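Observations on the three-dimensional arrangement
Here are the chains, one letter per residue:
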Number of protein chains: 2
Amino acid sequence: MKNIVLASTSTLFGENYLAYLKPVIQELFEGIDEIIFVPFARPGGISHDEYTAKAAGAFKEYGIGVKGLHTFSNPAEAIQYAKGFFTGGGNTFLLVKQLHELNLMQPLKKAVENGTPYMGASAGSNIGGMNMKTTNDMPIVYPPDFSTMGLVPFNLNPHYLDPNPELKHNGETRETRIKEFHTQNNIPVVGLREGNWIRVKGTIITTEGSCDTRIFEQGKEAYELPAGTVLSF
Amino acid sequence: MKNIVLASTSTLFGENYLAYLKPVIQELFEGIDEIIFVPFARPGGISHDEYTAKAAGAFKEYGIGVKGLHTFSNPAEAIQYAKGFFTGGGNTFLLVKQLHELNLMQPLKKAVENGTPYMGASAGSNIGGMNMKTTNDMPIVYPPDFSTMGLVPFNLNPHYLDPNPELKHNGETRETRIKEFHTQNNIPVVGLREGNWIRVKGTIITTEGSCDTRIFEQGKEAYELPAGTVLSF
């Protein structure tokens, strides 16, 4: 049974790393004493070791050990036998490039589809969608492919940000960008405001968190769903 | 002699399309009665014809006719004989994908290096840089290559936006993203605030416009240059 959390962000403004997800983590990883951390998104360019240490620090209070995926001599095998996964945020292009180049995207997808609990934050949530074409990140490296795990039948837009009517700036709003995506693609996009996440239990997918979730479908006006709504496209 | 303008944006807040660039356009395209418009970035998904009509409307007051690059049966030949170019903004991934797939990136580069005047705005400026890895756009399509024309020996970040200290949001700032680019690449990045542009006349490259220009180099603190500064890296 799929058991997945795809969160908009790791950290709410003014809070500690992963603090707002405490009850979510406790439920998702109940009875698990060790998970694999996927550090490839490298926020701010920090090293895989540094990033893994940060995650390990946050999971200590749950009695859960954290091993970085980069530390295994056979990472595909490690994924197969893992008890749980957390993929941290950062740059989605870096993350996807590394997973494809190491041939780890499919093993990870398979393990999660077979029931190994998975949590993603930001870039780590993007790779739960069909592809990474709705990331907000800068394309600092060229991945061999934009496809991702497709754990859910839609794309995510983490850190979804409503337009700021005060802003005297002509860069595109997030909504404009997602509409441009829909001129080229027919995949629904779930705009996850900070504090929100998607919960998958088996075949049931729900919107969760402190805000409404904004949904974009090709050829429709965007609309809002309250927390606890079952998603089906 | 290279004769190039790479502008941050086509339109300043509350102004008409290309209005603030009037003196720049008059100088760049002096004595020219027709230019080719590259409409492939398709802002908001508008058609090539619609976008070309918009550009033609803006160039009418200068007595300059505008033909869309998409209307030529042999666009590479049309580029070779063009009197000038304007590439509009929109989605850089769409623009670069189309230019590569139609094998037009190199002919355009060659014509501009041979002295045909070129103006870009936003996405149209990104393709003047070494590659498109510092665009702000969403990767809504997968280009076969991120490389661009390299008319200047650096990358551009159009619509450069300073961090907003009021924003209670944990998405990355523009500066954070450019620093992440520098963990993977050693190409200087010119952050063009709205209202600014880069002017190239032969081998001389200057910063221009109403704001300071923010420069990012690998391993250095970002710094500001006033309008009129000659750029050399």
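Calculation rules
- Residue indices begin from 1 for each chain and proceed along its sequence in written order.
- Throughout, the order in which chains and ligands are written sets their labels, letters from A for the former and numbers from 1 for the latter.
- Only residues with pLDDT of at least 70 are given local features in this predicted model, and only at 80 or more are side-chain atom pairs given and counted; all residues enter the totals for whole chains, interfaces and linings.
- Side-chain measures were taken over the full set of non-hydrogen atoms in the model, leaving aside hydrogen atoms and water.
- In this text, helices come from DSSP runs of H or I with a minimum length of four residues, and strands from runs of E with a minimum of two, each type numbered from the N-terminal end.
- Between N or O atoms, a polar contact is any pair within 3.5 Å; within protein, one atom must be a potential hydrogen donor and the other a potential acceptor, and residues adjacent in sequence are included only when both atoms are from side chains.
- In what follows, a contact means two residues having at least one pair of non-hydrogen atoms within 4.5 Å.
- In short, buried area is how much 1.4 Å probe accessible area vanishes from two parts on joining, totalled over both.
- Definition used for salt bridges: Asp or Glu carboxyl oxygen within 4 Å of a side-chain nitrogen of Lys or Arg.
- Each residue gets one label: Ala, Val, Leu, Ile, Met, Phe, Trp, Tyr, Cys and Pro are nonpolar, Asp, Glu, Lys and Arg are charged, and the others, such as Gly, are polar.
- In this comparison the copies share one frame, found by least squares on the C-alpha atoms of residues holding pLDDT of at least 70 in both.
- Pairing between strands is defined by DSSP: at least two bridges between the two strands are required.
- Angular values range over 0 to 180 degrees, each being the angle between N-to-C directions of two axes fitted as lines to C-alpha atoms, with helices fitted over their stretch in contact.
- Two rings from Phe, Tyr or Trp (for Trp, the six-membered ring) form a pair when their centres sit within 6.5 Å of each other. Planes less than 30 degrees apart are called stacked, planes more than 60 degrees apart edge-to-face, and all others tilted.
- When accessible area is computed with a 1.4 Å probe and restricted to protein chains, residues below 20% of their type maximum are described as buried, those above 50% as exposed, and intermediate ones as partly exposed.
- Distance and angle both matter: a charge sits over a ring if NZ of Lys or CZ of Arg is within 6 Å of the ring centre and within 35 degrees of the ring normal.
- Here the expected length of a helix is defined as 1.5 Å per residue gap, with one fewer gap than residues.
- Directions pointing from the helix axis toward each C-beta atom define the arc.
- Take the buried Ala, Val, Leu, Ile, Met, Phe, Trp, Tyr and Cys residues and link them wherever side-chain atoms come within 4.5 Å; each set so joined is a nonpolar core.

Description of the side chain of A:Thr207
Residues and elements named next belong to chain A.
- Inspection of the secondary structure puts Thr207 in strand β9 (residues 204-209).
- Engagement of the side chain of Thr207 in a polar contact is seen with the backbone oxygen of Pro226, the distance being 2.8 Å.
- Setting aside chain neighbours within four positions, we find Thr207 in contact with Trp197, Ile198, Thr213, Pro226, Ala227, Gly228, Thr229 and Leu231.

Some details on the interface of chain A and chain B
- Each side of the interface is counted separately: chain A has 46 residues, and chain B has 46 residues.
- Summed over both partners, the interface of chain A with chain B buries about 3700 Å², with 59% contributed by carbon and sulfur atoms.
- Applying the counting criterion to the chain A and chain B interface returns two salt bridges.
- Between A:Asp137 and B:Arg177 there is a salt bridge, with the nearest N and O atoms lying 3.6 Å from each other.
- Our count for the contact surface shared by chain A and chain B stands at 13 residue pairs in polar contact (both at pLDDT 80 or more).
- Listed by contribution, the elements that provide at least two residues to the side of chain A that touches chain B are α4 (92-101), β6 (155-160) and α7 (174-184) of chain A.
- Of all the elements, α7(A) adds the most residues to the side of chain A that touches chain B, at seven residues.
- A class-by-class count of the residues in the side of chain A that touches chain B yields 19 nonpolar, 17 polar and ten charged.

Concerning the relation of the copies chain A and chain B
- The transform that puts chain A on chain B rotates by 180° and translates by 0.0 Å along the axis, for an RMSD of 0.0 Å. Put plainly, the chains are arranged around a two-fold axis.
- In this assembly the copies share their binding face: 100% of the residues contributing to the interface of chain A also contribute to that of chain B.

Quick look at the sheet that holds strand β10 (residues 213-216) of chain A
Residue and element names in this part refer to chain A.
- An order of β6-β7-β10-β11 is seen for the four strands of this open sheet, with the pairing classed as mixed. Bordering the open sheet on either side are β6 and β11 (223-225), each of which pairs with just one other strand. With direction set aside, neighbouring strand axes in the sheet form an average angle of 30°.
- Pairing between β6 and strand β7 (residues 189-193): four bridges, direction parallel. Note that in β7 the partner of Leu156 across the bridge is Val190.
- Across the sheet, α7 lies against β6, β7 and β10, angled at about 170° from β6, the strand it touches most.

A few points about the side chain of A:Arg177
- Within the secondary structure, A:Arg177 is located in helix α7.
- Aside from chain neighbours lying at most four places away, what touches A:Arg177 is A:Glu172, B:Asn136, B:Asp137, B:Met138 and B:Ile140.

Considerations on the packing of aromatic side chains
Residue and element names in this part refer to chain A.
- Enumeration over the complete set of coordinates arrives at 22 aromatic pairs over all chains.
- Taking 4.9 Å as the distance between ring centres and 85° as the angle between the ring planes, the aromatic pair formed by Phe37 and Tyr51 counts as edge-to-face. You can see Phe37 sitting in strand β2 (residues 34-38) and its partner Tyr51 sitting in helix α2 (residues 48-59), a full 14 residues away along the chain. The same class applies to Phe37 as to Tyr51, namely buried.
- Pairwise contacts between aromatic rings join Phe29, Phe37, Tyr51, Phe59, Tyr62 and Phe86 into one cluster.
- The lysine or arginine in question, Lys54, covers the ring of Tyr17, its NZ or CZ lying 4.4 Å from the ring centre.

Description of the sheet that holds strand β7 (residues 189-193) of chain B
All names here are of chain B.
- Strands sit in the order β6-β7-β10-β11 across an open sheet of four strands; the sheet is mixed. The open sheet terminates on both sides in strands that have one partner only, identified here as β6 (155-160) and β11 (223-225). Within the sheet, the average angular offset between the axes of one strand and its neighbour, ignoring direction, is 30°.

Digging into unusual backbone geometry
- Phi at A:Ser122 is positive, roughly 55°, even though this residue is not glycine.
- Among the structural elements, A:Ser122 can be located in the loop between β5 (118-121) and α6 (123-126).
- Here B:Arg42, not a glycine, exhibits a phi torsion of approximately 40°, which is positive.

What to know about the pairing of β10(A)
Residues and elements named next belong to chain A.
- The side-chain alternation of β10 yields two buried faces, one formed by Thr213 and Ile215 and the other by Arg214 and Phe216.
- As paired strands, β7 and β10 are joined by three bridges and run antiparallel to one another. What sits directly across from Gly191, in β10, is Arg214.
- Examined bridge by bridge, β10 and β11 share three bridges and lie antiparallel to one another. Following the sheet pairing, Thr213 is matched in β11 by Leu225.

Overview of helix α2 (residues 48-59) of chain B
Residues and elements named next belong to chain B.
- With twelve residues, α2 should reach 16 Å at 1.5 Å per residue; the first-to-last C-alpha distance of 17 Å fits that figure.
- When α2 is considered as a whole, its buried residues turn out to be Tyr51, Thr52, Ala55, Ala58 and Phe59. The arc that holds the buried residues of α2, viewed along the axis, is 120°, so those residues lie on one side.
- Looking at the buried side of α2, the elements it contacts are α1 (22-28), β2 (34-38), β3 (65-68), β4 (85-87) and β5 (118-121).

Some details on the environment of B:Leu6
- Summarising the element assignment, B:Leu6 is placed in strand β1 (residues 3-7).
- Placed 34 residues apart in sequence, B:Leu6 and B:Phe40 show a C-alpha to C-alpha distance of 17 Å.

Describing the nonpolar core
- Residues A:Phe85, A:Tyr118, A:Ile198, B:Phe85, B:Tyr118 and B:Ile198 are the most contacted members of the largest nonpolar core, which totals 98 residues.
- Dropping the residues within four chain positions of it, B:Phe85 is found in contact with B:Phe29, B:Ile35, B:Ile36, B:Ile79, B:Leu108, B:Ala111, B:Val112, B:Thr116, B:Pro117, B:Tyr118 and B:Met119.

A few points about the pattern of salt bridges
- Per the stated rule, a full pass over the model turns up 26 salt bridges over all chains.
- Between A:Lys201 and A:Glu27 there is a salt bridge, with its nearest N and O atoms 2.8 Å apart. Pair noted here: A:Lys201 is in strand β8 (residues 196-201) and A:Glu27 is in helix α1 (residues 22-28), with a separation of 174 residues, a long-range link.
- Between B:Glu101 and B:Lys97 there is a salt bridge; the shortest N-O distance is 3.4 Å. With a gap of four residues between them, B:Glu101 and B:Lys97 both fall in helix α4 (residues 92-101), about one helical turn apart.

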